[in-house]
Structures are given as structure tokens and as C-alpha cells.
Amino acid sequence: MGFLKKKFRDIKKFPRWIYFFPALVMKCLYKFAFRHKIDDPDNILETDYPKIGLIWHNRLIFFPCAINKRLRTKTVAIVSASRDGQYISDLISYFGVRCARGSSSRGGAHAQLESIREIKQGNNVALTPDGPRGPIYTLKKGPIQLASVTGAKIILVSINASKYWQLKSWDRFQLPKPGATLTLVIRGAYSVPENLSPEQLEEYRAKIEHDLREITID
């Protein structure tokens, strides 16, 4: 069993068609197994300006299902350059979401350059500011710097499940239980000035981290 597990972990990329079936299951579960609510009082999802969307790592599972098709096709997700990131990238491609590979711990400069290019083309960027290794619910400075350089507005996203299972992972990853209500919460939008001092950068980082935690209900 250990040998088979090691051989599986050695596989860096599966054929893309394999992900069709998990993607189909996710779409069916989201549509039929849960109730849905949207909490977006300022109608931010309907705006057309480029956005930097932030969502905590432990709420990712139904994120591609929760946003509409128009937004998905205009959104690039920043996904870890690791093997697990490759699996995620191939899976969410079936939802129409493109990916740029990199994170704070690996390939960060490449991901930042890709993000800048996409935003300049009028697209949105989505990322997990506490990923890929945590600490949980801790915002790194990268999204603030990206907003400062590009002028894109930061929006905060949470998907709160009324009932869920919680994994024993660093992020306490949540798996909504059948029959749960999934509430898509949207807040923002935050404009970040250019040429921030280190003190200003930390001020914006702390403020946005606090506000993203505020809309996150465990």
C-alpha cells in the first residue's frame, strides 16, 4: 500500500480528461445538494472593473461553482506551482477558469507578473492570501502590492456553509454537508494607492485581513 501511495504521489500530471468526472460531480453537488444565497449588497459582482478577489484557502472547494460563467471566463486563479496545484489547475479548467502558477513560497515572481499582465488586459485575478501553507486566516502582502501596482480594486469573498465537515489540515479545510446553505459573501472594493511606504503597506494589509476575517463565519 505504501508503494502504491508513493507511486501515486510521483505522478505530477494526469491526463486532463480525467478531471471531467470530478468537475461534473462538483457541479451536480453544488446545484442539487445545497441551498444558495448571495450576500452582495453593493452589487460588486456586476461591476466591470478589474478585481483582485481574495478568499481563504479553506473555502475553495465550491468557489468555481459559486461565481457565474461571465466572471469565470474573465478570472485567472493564482494556483501553487506544486504538484497539488497542477491537479487544481486541471480541475478548475473545466469551469472556464484559467490559472497562473506560483505562490508566496514558489514561483511568486512569475505569478505576480502574470497577474499584472492579466489585470492590464481587463481580467480579474483570484487568489488565496493565506495559501499555500498558512498560517490560516493570515493575509500576505502580495495582494496589497499587486493592487498598488495595477490600480485594480480588492474584493473580499467568502463562502460560508451552514454545516460542514472540517479536515485536520493546516487550513481546517471545510467540506459542506448535504442540505447546507452556502452563502456567497462579497465585500469591497478597496483601492490601494501607489508607492506605499512599508508602514502604509502593513496598514492596508492589516485592515483587509481584518475585514476578510469579519465576513468569514466558522
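Quick caveat: nothing in here was measured; it's all calculated off a predicted structure.

What counts, and at which threshold
Residues numbered from 1 in each chain as written. Predicted model: local features only at pLDDT ≥ 70, side-chain atom pairs only at ≥ 80, totals over all residues. Heavy atoms only, no water. Patch = residues over 30% accessible without salt bridge, like charges linked within 9 Å, V, L, I, M, F, W, Y side chains within 5 Å. Areas by Shrake-Rupley, 256 points an atom, 1.4 Å probe, with all protein chains shown as cover. Salt bridge = Lys/Arg side-chain N within 4 Å of Asp/Glu carboxyl O. Helix = DSSP H or I, 4+ residues; strand = E, 2+ residues; numbered from the N terminus. Phe/Tyr/Trp six-rings, centres within 6.5 Å; stacked < 30°, edge-to-face > 60°. Buried < 20%, exposed > 50% of the residue type's maximum accessible area, 1.4 Å probe, protein only. Core = buried A, V, L, I, M, F, W, Y, C linked by side-chain atoms within 4.5 Å. Contact = heavy atoms within 4.5 Å.

Caption draft 1: How the structure looks around a nonpolar patch on the surface. On the surface, a cluster of nonpolar side chains totalling about 520 Å² of accessible area is made up of W17, I18, F20, F21 and L24. In this structure, F21 sits in helix α2 (residues 20-32).

Caption draft 2: Spotlight on the packing of aromatic side chains. Using the criterion set out here, one finds five aromatic pairs in the structure. Arranged with centres 5.9 Å apart and planes meeting at 40 degrees, the rings of Y30 and F62 form a pair that is tilted. Within this pair, whereas Y30 is found in helix α2, its partner F62 is found in the loop between β2 (51-54) and α3 (63-66), the two being separated by 32 residues in sequence. Exposure class is identical for Y30 and F62. Each is buried. Every member of this aromatic cluster is reached through a ring pair, and the members are F20, F21 and Y94.

Caption draft 3: Here's a closer look at the pattern of salt bridges. Counting across every chain of the model gives 10 salt bridges. Residue R117 pairs with E114 through a salt bridge whose shortest N-O separation is 2.9 Å. Of the two residues, R117 and E114 are both situated in helix α6 (residues 108-120); the distance of three residues between them amounts to about one turn of the helix. For R117, a relative accessible area of 37% puts it in the partly exposed group.

Caption draft 4: Highlighting the nonpolar core. Membership of the largest hydrophobic core comes to 32 residues, with the highest contact counts inside it found for F62, F63, V157, I159, L182 and L184. Looking at this core, the elements that each hand over two or more residues are α2, α3, β3 (75-79), α5 (83-92), β6 (153-161) and β9 (181-190). With four residues, β6 is the largest single contributor of residues to this core. Apart from the residues within four sequence positions on either side, L182 is in contact with Y30, F34, R35, H36, K37, F62, I159, N160, A161 and P176. Core analysis: the next-biggest nonpolar cluster, separate from the first, contains 28 residues, I78, I116, Y190 and I208 among them.

Caption draft 5: Fine view of the environment of Y30. Residue classification places Y30 among the buried positions, given a relative accessible area of 15%. Taking C-alpha positions, Y30 is 9.0 Å from L182, a pair spaced 152 residues apart along the chain. With residues near it in sequence (within four places) discarded, Y30 still touches H36, F62, C65, A66 and L182.

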